[in-house]
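One-letter residues, chain by chain:
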Amino acid sequence: HMNEKPPSIHQEIRDFCIQNRLISRGDGILLAVSGGPDSTALLHVFRELQREFQFELGVAHVNHGIRGADADLDQQFVKDMTESLGMSFFSTRLQIAELKEKRESPEEAARRVRYTYLFETMKLQGFDKLATSHTLEDNIETILYRLATGTGTGGAGGIHPQNGAVIHPLLALSKKRIL
């Protein structure tokens, strides 16, 4: 039908999660929220889905200390938003410069210590899954990077909807759509 309106972003994410079996009733899901538009959308949609799927939700935020006062504002923004929605909030402040290993770029170091903290928090607080806000573009970027670095066609796959305990509910959505 021409007049059917396209599915809402909420509906698209819900359908993607169901098709890829990313969420189940009673899950404990820790959301990695930076405070950017993608992770903020993830937070709000999952808060809505919580009614239907009765899962436990928590929010984790990593302040990398790279962006100074801006990073502190991001942390405060996520904390206020999470608490206003009645969800538990976990955060840490790290100094990437001190944690960087010899051959790592600051970005690689930030990613490594972020995931270390997120997984530790997940285990410590008894969550089953960690949800990140990777989008369609992140997925394309990953594929291009793997092709460019010659990982071979075997390793050229992108980000999977689920990788172990990590789920990527926004993978089918473009940043433009989220904005």
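Heads up: the structure comes first, above all this text.
Description of the structure in this document. All values reported here derive from a predicted model rather than from experimental measurement.

## Here we look at the packing of aromatic side chains
Working step 1: Tallying each qualifying case throughout the model produces four aromatic pairs.
Working step 2: Here tyrosine 115 and phenylalanine 119 contribute two aromatic rings whose centre-to-centre distance is 6.0 Å and whose plane-to-plane angle is 35 degrees, an arrangement assigned as tilted. Within this pair, tyrosine 115 and its partner phenylalanine 119 are both found in helix H5 (residues 106–124), separated by four residues, close to a single helical turn.
Working step 3: Judged by relative accessible area, which is 14%, tyrosine 115 ranks as buried.
Working step 4: Through pairs of rings, three or more aromatic residues link up here, namely Phe46, Phe53 and Phe55.

## A look at the packing of helix H2 (residues 37–53) against helix H3 (residues 69–84)
To characterise two packed helices, one gives the angle between the axes of the helices and the distance between these axes.
Working step 1: One can describe the packing of H2 onto H3 by two numbers: an axis separation of 12 Å at closest approach and a directional angle of 10 degrees. Judged on the interaxial angle alone, H3 and H2 are roughly parallel. Counted together, Thr40, Leu43 and His44 of H2 and Phe77, Met81 and Thr82 of H3 form the full contact between these two elements.
Working step 2: Residue composition of the contact of H2 with H3, by class: three nonpolar, three polar and no charged.

Reading the values: the criteria
Here the residue index of a chain counts from 1 through its sequence in written order. Note on the predicted model: pLDDT of at least 70 is required for a residue's local features to be given, and 80 or more for side-chain atom pairs to be given and counted; whole-chain, interface and lining totals, by contrast, use all residues. Just so you know, side-chain values use all the structure's heavy atoms and leave hydrogens and water out. Each aromatic pair joins two rings of Phe, Tyr and Trp (for Trp, the six-membered one) with centres within 6.5 Å, and gets the label stacked for planes under 30 degrees apart, edge-to-face for over 60, and tilted for any other angle. The way it works is that DSSP assigns letters per residue, a run of H or I at least four long becomes a helix, a run of E at least two long becomes a strand, and they are numbered from the N terminus. Buried, partly exposed and exposed residues are distinguished by accessible area as a fraction of the type maximum, computed with a 1.4 Å probe on protein chains only: under 20%, between the cut-offs, and over 50%, respectively. Between the N-to-C directions of two axes lies an angle of 0 to 180 degrees, each axis being a line fitted to C-alpha atoms and, for a helix, fitted only over the stretch in contact. Angle categories: roughly parallel below 35 degrees, roughly antiparallel above 145, roughly perpendicular from 65 to 115, and oblique for all the rest. Contact criterion: two residues are considered in contact whenever any of their non-hydrogen atoms come within 4.5 Å of each other. For this scheme, ten residues count as nonpolar: Ala, Val, Leu, Ile, Met, Phe, Trp, Tyr, Cys and Pro. Four count as charged, namely Asp, Glu, Lys and Arg, and the remainder, Gly too, count as polar.

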